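# An overview of the molecular structure
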Amino acid sequence: MYQSSFYQDEPKFNHPFENKLLTDYLSRFIDKNDKDIIFKDLKRFSDRIGDEIEPLAKEAEKNIPKHIAYTPWGKRIDEIEVHPSWTKLEKIASEENLIGIGYERKFGKNSRLYQMAKLFLFHPSSSYFSCPLAMTDGAAKLIELYGDQNLKNKAFKNLTSHNPETFWTSGQWMTEKTGGSDVGLSETRAYKKGDEYHLYGVKWFTSATTSQMAMTLARVVDENGNVIEGSKGLGLFYLELRDSNNQLNNIEILRLKDKMGTKALPTAELKLNGTKAKLIGETGEGIKKIASLFNITRIYNSCCATAAYYRVLDMAINYSRNRYAFKKNIIDHPLHFKKLSELKVKFHACFHLTFFLSRLLGESEQSPNKESEKVLRLLTPIAKLTTAKLNMVGTSELIECFGGAGTIEDTGLPKWLRDAQILTIWEGTTNVLSLDALRAISRDQAFLPYIEKMKSILQNVIDSEQKTLLIDKCEHLMLFMNQLSGLDHASIEFIADDLSFTIAKVTSAILMLEHASHYSNETAYRDIACEYIEQPWPSLDINDDLNSKMKRAQSILN
Ligand code: MFK
């Protein structure tokens with residue numbers, strides 16, 4: 001009887017540091033002496049990813065966390081049991097100094113670039129340990145900016161420690177049942193008791209609930225029992241999850257969330273039942289202060305979406321080189337290589353946005369400059385929403401490149417699609433972030449410094465038809481922005497996503513062309529930039545009748 005001897009090779013990914021875009025990019029900005037140290041560390045870390053970290057992540061994905069509410073004898077304990085592989089990933093994250101690099105600032109303004117490069121390598125093999133790291137970094141930033149000396153001496157030191165014995169991670173508890181976006185509706189109450197506050201309420205979506213501390217928001221009740229409604233009544237609170245006897249700080253774990261993705265990451269619903277906490281800043285400053293945390297986690301989200309995109313792309317290209325159909329390997333079929341090349345170009349766009357942000361962040365921390373900070377402020381929501389969306393759409397296309405195998409769980413491929421969907425809502429949905437970009441433009445006056453920055457980068461670009469087109473795009477954006485002030489609020493909101501995607505495309509195209517000009521003897525970068533510029537642009541037409549469009553959209557839904 002005939003039996004097939006054919007077995008398809010499974011898709012592989014490259015050694016993480018064998019990534020020409022990453023190494024060329026870092027080489028552009030890091031000077032020789034630092035480069036030797038940083039490259040040596042990134043190469044060693046990449047070896048460790050292959051040998052040790054990737055197998056741990058696979059174990060953690062298979063052994064998802066459990067909520068142990070009671071002991072066998074009925075005592076409420078609310079333990080979250082995580083697999084030892086997850087605990088080992090935490091140890092590795094601190095040994096590798098994934099947070100500390102950003103705060104020791106040994107490499108000056110390039111410290112964040114180095115840290116984000118390390119995160120980029122780590123994330124796809126971390127089973128989302130990158131999530132607690134994001135919040136940990138955000139909490140460290142918040143304390144660095146607003147914490148008192150006690151917080152700096154204890155929490156900050158632990159969050160930035162590279163000693164696994166003292167390393168802490170932080171949660172960021174913002175979401176309540178009333179809304180993940182409209183945080184101003186939060187119901188949790190804070191009652192002053194002596195020097196501290198006691199918090200009562202339910203936090204509906206708390207990621208990395210095994211952290212040692214958390215930053216959260218609560219509505220402050222004054223001595224007469226009154227509260228201020230809306231976001232102006234919220235304070236920012238620091239709390240530790242357990243006391244010195246390892247008992248939970250009046251926190252009940254209601255259940256773990258059964259999420260569609262990021263399965264290894266414990267995410268819980270929590271009831272705060274008199275949880276002791278410290279107010280940071282003033283009552284009413286809660287959202288404004290916690291923004292310094294979520295502006296960091298949004299940069300992490302961009303980096304992780306970009307890194308995940310790269311991993312799936314890398315595997316899809318590898319697979320296409322080995323998968324034979326219709327008389328040749330599928331990478332040699334025109335329609336297939338066209339699709340893969342388009343997806344690779346979009347990955348480059350994500351990469352440039354993310355790493356430009358990390359450079360801006362590093363610069364703002366090393367030598368604060370109001371204008372660069374405004375550019376960072378505007379591009380943070382824009383990069384987050386763009387990278388999450390391109391990763392989501394790109395991952396869907398890439399999964400299709402594996403045919404049926406992409407839909408089978410034990411290939412490990414479907415998880416990338418599920419996780420990609422989560423990155424689009426974490427830290428703000430596309431719409432909420434588009435509105436945040438408007439906030440950055442209107443409240444923080446970030447648009448003019450942004451355009452100035454783009455124009456200054458264009459000066460590094462070799463003259464070409466593409467450069468001329470991008471100069472025109474900047475002019476067009478400026479004209480559009482000038483007319484924006486004449487529009488009513490609803491019309492401006494109606495086009496906020498088109499505006500964000502246009503700014504994202506202008507920015508990444510300029511950055512890609514600048515990179516191609518720097519490596520002018522390498523045609524690939526130029527081809528990538530040109531292809532990206534030729535791909536369709538979001539529509540943003542000054543002459544659009546927005547009122548009619550809005551009415552039509554409403555009529556479609558009625
Ligand atoms: C692996 C990847 C890592 C990712 C980590 C994942 C961890 C997962 C955990 C979570 O998902 S936590 C939940 C995330 N939730 C959000 O991101 C919230 C989404 N909603 C928003 O961002 C809303 O826009 C917002 C809550 C901010 C709206 O609130 P308000 O009160 O209606 O906003 P308002 O009044 O405009 O702003 C209040 C103040 O904050 C203003 O300052 P002033 O008081 O001085 O006027 C704003 O300027 C300031 N502000 C708001 N957003 C800001 C900001 N400042 C700086 N940057 C921002 N982005």
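Cut-offs used in this document
- Residues numbered from 1 in each chain as written.
- Predicted model: local features only at pLDDT ≥ 70, side-chain atom pairs only at ≥ 80, totals over all residues.
- Heavy atoms only, no water.
- Helix = DSSP H or I, 4+ residues; strand = E, 2+ residues; numbered from the N terminus.
- Expected span 1.5 Å × (residues − 1).
- Buried < 20%, exposed > 50% of the residue type's maximum accessible area, 1.4 Å probe, protein only.
- Salt bridge = Lys/Arg side-chain N within 4 Å of Asp/Glu carboxyl O.
- Domains from an automatic or database assignment.
- Phe/Tyr/Trp six-rings, centres within 6.5 Å; stacked < 30°, edge-to-face > 60°.
- Lys NZ or Arg CZ within 6 Å of the ring centre and 35° of its normal.
- Axes fitted to C-alpha atoms, helices over the stretch in contact; angles between N-to-C directions.
- Parallel < 35°, antiparallel > 145°, perpendicular 65-115°, else oblique.
- Left-handed = near helix turned anticlockwise from the far one by under 90°.
- Contact = heavy atoms within 4.5 Å.
- Nonpolar A, V, L, I, M, F, W, Y, C, P; charged D, E, K, R; others polar.

### A few points about helix α12 (residues 430-442)
- Between its first and last C-alpha atoms α12 spans 18 Å; for 13 residues at 1.5 Å apiece the expected length is 18 Å, and the two agree.
- Looking only at α12, the buried set comprises T430, L433, S434, D436, A437, L438, A440 and I441.

### Examining the pattern of salt bridges
- Within this structure, the stated rule accounts for 45 salt bridges.
- Residue E365 pairs with R112 through a salt bridge whose shortest N-O separation is 2.8 Å. Placement of the pair is E365 in helix α9 (residues 334-366) and R112 in helix α5 (residues 111-122), with a sequence separation of 253 residues.
- Judged by relative accessible area, E365 falls into the buried class, the value being 14%.

### What about the domain arrangement of the protein chain?
- By domain assignment, the protein chain separates into domain 1 (170-287) and domain 2 (441-557).
- One C-alpha centre belongs to domain 1, the other to domain 2; they are set 39 Å apart.

### With respect to the packing of aromatic side chains
- Applying the stated criterion across every chain, the model contains 21 aromatic pairs.
- Between Y25 and F29, the ring centres sit 4.9 Å apart and the planes meet at 50°, which makes this aromatic pair tilted. Here the residue Y25 and the residue F29 both occupy positions in helix α1 (residues 20-29), the gap between them amounting to four residues, near one helical turn.
- With a relative accessible area of 1%, Y25 lands in the buried category.
- Summarising the aromatic geometry, the rings of Y319 and F402 are spaced 5.0 Å apart at their centres and angled 50° between planes, so their arrangement reads as tilted. Separated by 83 residues along the polypeptide, Y319 in helix α8 (residues 286-322) and F402 in the loop between α10 (370-400) and α11 (414-425) bring together distant segments of the chain.
- With relative accessibility at 3%, the residue F402 sits in the buried group.
- Pairwise contacts between aromatic rings join Y25, F29, F120, Y309, Y310, F347, F351 and F355 into one cluster.
- Directly above the ring of W537 sits K505, whose terminal nitrogen or CZ lies 5.0 Å from the centroid.

### Observations regarding the packing of helix α16 (residues 496-518) against helix α17 (residues 523-534)
- With their axes 8 Å apart at the nearest point, α16 and α17 run at an angle of 160° to one another. Put simply, α16 runs roughly antiparallel to α17. α16 and α17 meet at a crossing whose hand is left-handed. The segment α16 lies against α17, with A504, K505, S508, A509, M512, L513, H515 and A516 engaging Y525, R526, I528, A529, Y532 and I533.
- Of the residues that constitute the contact of α16 with α17, the class distribution is ten nonpolar, two polar and two charged.

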